[in-house]
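Okay, here's what each chain looks like letter by letter:
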Amino acid sequence: MAEKKIETREFKTETKKLLDLMIHSVYTNNEIFLRELISNASDALDKIRFKGLTDNDILKGDSDFRIRLEVDKDNGTLSISDNGIGMTMAEVNENIGTIARSGTLAFFEKMKNKDFDKSSLDMIGQFGIGFYSTFMVSDTVTVETLAAGKKKGVKWESTGDGKYTVEHIKKAERGTTITLKLKKKEDIDNDFMDQYKIQELIKKYSDYIRYPIEMDFSVEEKPKDEEGKIIEDAESITKIETRTLNSMVPLWEKNKKDIKEEEYFQFYKNNFHDWSDPVDVIHTKAEGTVEYTALIFIPSKVPFDFYTEGFEKGMQLYSKRVFVMEKCKELLPDYLKFVKGLVDSPDFSLNISREILQHSRQLKIIAKNVEKKILSDLKKMMKDDRKKYDEFWKEFGVALKTGIYTNFESKDKLVNLLVFETSYKVDELFALEEYVSRMPEDQKYIYYVCGKDRAGVESLPQMEALKEKKYEVLYLFDRVDEFAIERLMEFKDKKFKSVSRGDLELDGEETEEKKKNKEELQKEKKSILDAVKGKLEGKITEVRLSSRLKSSPVCLVCGDSGVSFGMEKAFSEMNNNQMFKADRILELNPEHKIFSILEDLHEKEPEGDRFSNYCDLLYSQALIIEGMELENPADFVSKLSDLMVNSK
Ligand code: ADP
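Residues numbered from 1 in each chain as written. Predicted model: local features only at pLDDT ≥ 70, side-chain atom pairs only at ≥ 80, totals over all residues. Heavy atoms only, no water.

Visitor: I would appreciate a short explanation of unusual backbone geometry in the present structure.
Guide: If you check the backbone angles, Lys470 has positive phi at about 60° while not being a glycine. If you trace the backbone, Lys470 turns up in the loop between α15 (464-469) and β18 (473-476). Accessibility expressed as a relative area gives 71% for Lys470, which makes it exposed. Within the chain, Lys492 stands out as a residue other than glycine whose phi angle is a positive 50°. Turning to its location among the elements, Lys492 is positioned in the loop between β19 (490-491) and β20 (494-498). Among the residues examined, Lys492 registers a relative accessible area of 49% and is labelled partly exposed. (Helix = DSSP H or I, 4+ residues; strand = E, 2+ residues; numbered from the N terminus. Buried < 20%, exposed > 50% of the residue type's maximum accessible area, 1.4 Å probe, protein only.)

Visitor: What is the right way to read the nonpolar core from this model?
Guide: For soluble globular proteins, the rule of thumb is that nonpolar side chains tend to be buried together. Counting 77 residues, the largest nonpolar core has Phe338, Ile374, Phe392, Leu400, Tyr447 and Leu474 as the members making the most contacts within it. Ranked by residues supplied to this core, first place goes to helix α10 (residues 361-384) with nine residues. Each of domain 2 (251-372) and domain 3 (386-498) gives at least three residues to this core. The contact partners of Ile374, leaving out residues within four places of it in the chain, are Ile282, Ile296, Ile298, Leu332, Leu336 and Val339. Of all hydrophobic cores here, the second largest spans 54 residues; its members include Phe135, Ala148, Leu182 and Ile198. (Core = buried A, V, L, I, M, F, W, Y, C linked by side-chain atoms within 4.5 Å. Domains from an automatic or database assignment. Contact = heavy atoms within 4.5 Å.)

Visitor: So what exactly am I meant to see when it comes to the sheet that holds strand β12 (residues 315-319) here?
Guide: The strands making up a sheet associate through backbone hydrogen bonding, with each pair oriented either parallel or antiparallel. Strands sit in the order β10-β11-β14-β12-β13 across an open sheet of five strands; the sheet is mixed. Two strands close off the open sheet at either side, each with one partner strand: β10 (280-286) and β13 (322-328). Strand-to-strand, the axes of this sheet are offset by a mean angle of 15°, without reference to chain direction. Contacting β10, β11 (292-298), β12 and β14 (340-344), helix α8 (residues 261-272) runs over the sheet at an angle of about 85° to β11. In this fold α10 packs onto β10, β11, β12, β13 and β14, with an angle of close to 40° to the strand it touches most, β11. (Pairing = 2+ DSSP bridges. Axes fitted to C-alpha atoms, helices over the stretch in contact; angles between N-to-C directions.)

Visitor: When you look at the environment of Leu617 in this model, what are you seeing that I'm missing?
Guide: Summarising the element assignment, Leu617 is placed in helix α21 (residues 609-625). Taking the C-alpha atoms as reference, Leu617 lies 7.4 Å from Lys639; in sequence the two are 22 residues apart. Sequence-distant contacts of Leu617, that is, excluding residues within four places in its chain, are made with Phe636, Lys639, Leu640 and Leu643.

Visitor: How do you make sense of the packing of aromatic side chains when you look at a structure like this?
Guide: A ring pair, where both rings are aromatic, is described by two values, the distance of the centres and the angle of the planes. Applying the stated criterion across every chain yields a total of 28 aromatic pairs. Arranged with centres 5.8 Å apart and planes meeting at 50°, the rings of Phe272 and Phe297 form a pair that is tilted. Pair noted here: Phe272 is in helix α8 and Phe297 is in strand β11, with a separation of 25 residues, a long-range link. The pair formed by Phe272 and Phe297 is uniform in burial state, with each residue classed as buried. Taken together, the ring pairs connect Phe306, Tyr307, Phe311, Phe338, Tyr389, Phe392, Trp393 and Phe396 into an aromatic cluster. Residue placement shows Arg438 over the ring face of Tyr424; its charged tip is 3.7 Å from the ring centre. Residue placement shows Lys497 over the ring face of Tyr445; its charged tip is 4.8 Å from the ring centre. (Phe/Tyr/Trp six-rings, centres within 6.5 Å; stacked < 30°, edge-to-face > 60°. Lys NZ or Arg CZ within 6 Å of the ring centre and 35° of its normal.)

Visitor: So what exactly am I meant to see when it comes to the pairing of strand β7 (residues 175-182) here?
Guide: Along a regular strand, successive side chains alternate from one face of the sheet to the other. Judged by how many residues are buried, β7 sits mostly within the fold: seven of eight residues are covered. Sheet analysis places strand β3 (residues 77-82) next to β7, joined by six bridges and oriented antiparallel. Paired with Ser79 across the strands is Thr179, a residue of β7. Two elements, strand β4 (residues 138-146) and β7, share eight bridges in a ladder whose sense is antiparallel. By the bridge assignment, Thr145 is partnered in β7 with Thr176.

Visitor: How should the pattern of salt bridges be read in this particular structure?
Guide: When charged atoms on two side chains of opposite charge get close, those side chains can pair. What the rule picks out here adds up to 49 salt bridges. With a closest N to O distance of 3.8 Å, Arg68 and Glu214 form a salt bridge. Taken together, the positions of Arg68 in strand β2 (residues 67-72) and Glu214 in strand β8 (residues 213-221) put the pair 146 residues apart, joining distant regions of the chain. Note on accessibility: Arg68 and Glu214 belong to one class, buried. The shortest N-O distance in the salt bridge between Glu200 and Lys197 comes to 3.9 Å. With Glu200 and Lys197 both in helix α7 (residues 195-206) and three residues apart, the pair spans about one turn of that helix. Its relative accessible area of 44% is what places Glu200 among the partly exposed residues. Residue classification places Lys197 among the buried positions, given a relative accessible area of 16%. Taken together, the shared-partner salt bridges connect Arg68, Glu70, Glu214 and Asp216 into one network. (Salt bridge = Lys/Arg side-chain N within 4 Å of Asp/Glu carboxyl O.)

Visitor: Would you mind going over the sheet that holds β4 with me for this structure?
Guide: Taking strand neighbours across the sheet as the criterion, the nine strands line up as β1-β6-β5-β4-β7-β3-β2-β8-β9 in an open arrangement whose pairing is mixed. Edge strands, defined here as strands with exactly one partner in the open sheet, are β1 (6-10) and β9 (237-244). Mean inter-strand twist for the sheet, computed between neighbouring axes without regard to direction, equals 20°. Strands β2, β3, β7 and β8 of the sheet are contacted by helix α2 (residues 32-54), whose axis makes an angle of about 25° with β3.

Visitor: It is not clear to me how the side chain of Glu371 should be interpreted in this structure. Could you clarify?
Guide: Its place among the elements puts Glu371 in helix α10. A distance of 2.5 Å separates polar atoms of two side chains, one belonging to Glu371 and the other to Tyr335. Those residues in contact with Glu371 that lie beyond four places of it in its chain are Pro333, Tyr335, Leu336 and Lys413. (Polar contact = N/O pair within 3.5 Å; in protein donor to acceptor, adjacent residues only side chain to side chain.)

Visitor: Help me out: how do you make sense of the packing of helix α11 (residues 386-406) against helix α16 (residues 479-488) in this one?
Guide: The angle between the axes and the distance between the axes are what describe a pair of packed helices. The N-to-C vectors of α11 and α16 enclose an angle of 40°; their axes lie 8 Å apart at closest approach. With respect to α16, the axis of α11 lies oblique. Like other packed secondary-structure pairs, α11 and α16 cross with a definite hand, here left-handed. Residues Val398, Lys401, Thr402, Ile404 and Tyr405 of α11 touch α16, and the partners they reach there are Val480, Asp481, Phe483, Ala484, Arg487 and Leu488. Grouping the constituent residues of the contact of α11 with α16 by class yields seven nonpolar, one polar and three charged. (Parallel < 35°, antiparallel > 145°, perpendicular 65-115°, else oblique. Left-handed = near helix turned anticlockwise from the far one by under 90°. Nonpolar A, V, L, I, M, F, W, Y, C, P; charged D, E, K, R; others polar.)

Shown next as structure tokens:
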């Protein structure tokens, strides 16, 4: 007989670190390892059941899908077995072995430079590395598995010390058994060999799992006499009975009234790889032209891969309780891609193809209803619990704003969900409705300003006249904001107006007289304005007198329409596209002392260095305050230094 070959392999560095973290963790919630293992077993059963639909041979008569728990008090072990799809040697190595899976890597990427602590552990689940949580409670973890249709089984074992062994074994039954040699109960503060504890955990985390979770239960019973009556004074005898610990009713099929919030939350965490509770749950049933039940969750945190290309939107699709598809993307519009959940509808067959789904009228109707439901739920949250809504907004607001910009049809649906910081109050977000309701009668526009943060926009010279007027200004800090606002154009018949564009029209209706005065002044100052423009040739498109400045000498604004500075930046960062350039208009404050000095210099020595340097310095100032890059910082510094020396 050939000698048994046991191979010892090393975990990849990241996996090692992860294991180390698990083993030394004092995570009080260590019981979740059971949830993770049951959920893996249930996935493995889904897979074989699904395969069995088209390939009957693969089941080999074993279609009694189940999960079994076994406690062995003598050996101090707890094992979890399933007759699911199992794993081949290659899959064992790939899934729980040497390969640092993308989730593990992403986890460490995120955790870089941070000390690991309890809160890091809270995040582990969402990275799809639940299996390793077994090491929180075990000294040794053994996996024995036989892949469907294969002859040779595989045994994997590790003490979590950086190495693991694999070997081929004989295994009669298809599926996987995971055996945990539990740590001492004092060390982990939990007794996972206690049958009642296990029963409680299954009820708590895994009640609705679609397959029976069975366990042998020992019960003490008094013996019965021949007539079946209990003999009261006899000694109790211990009997073993197999119990199914979960009710197996899919959560979404239960009556809403009978479901506790905690159950929804556990279901969510179990099924959607998140360790945080969702902010909201929508459970809805429809009957009529289309029939379906939807269970929808709004997560509380942006998932780690949300902004990567790999992030897939979608909801799970079930047909009469049976799992059909993990990510049915047709069910969600892009701007709701953060939403998780499932739809169960008898209108779809189990092996429906993606192509047919894409064109399904029913699916389109369900998707429309789901979208409507989510939006009305968010609206309700906004109305009833503003704090919760703001928290949600901080995580996912950008996605909704992107929806306005990228999808013209969704504009009207989303506009009432928008909230912004404004000049009205610090640390609060306001809806457009609220802004408009506070507008004084003479205010014509909804003003907005774009920038990096509150301090930045509040110090912009363009804000001065608005501050004086006490007009509220929307603060736009996200790249997408300005695009969304421009797409909206107006709200409740009030047009949006950027503080950095064109005429702010702060004086209500322009009277003929005012207009004339302005024009005259502009004419009067034409020669100096032209001279400044001449000095800044190629850098700016226009120089004019400003009505928005109060105490600052200069600012840069862009044209009334077209590309703004923020958009220009966005375009150039997006695809290095230099084609979209904003018009640069330099506005000078005729009331400022610098303006009269400038006029003086120009009068005395229009071609002198000083006038030219002043023009450059003013332009640079305007760039700096706008947060734009100076074309030549060294030149600016040298001119400024000269000025400082000369003014002494
Ligand atoms: P996740 O389940 O989030 O993918 P885990 O670390 O829990 O991450 O599991 C890693 C992988 O190992 C799973 O994706 C699956 O392919 C495989 N696996 C785990 N448990 C089982 C099992 N009981 N049967 C078959 N495959 C399993």
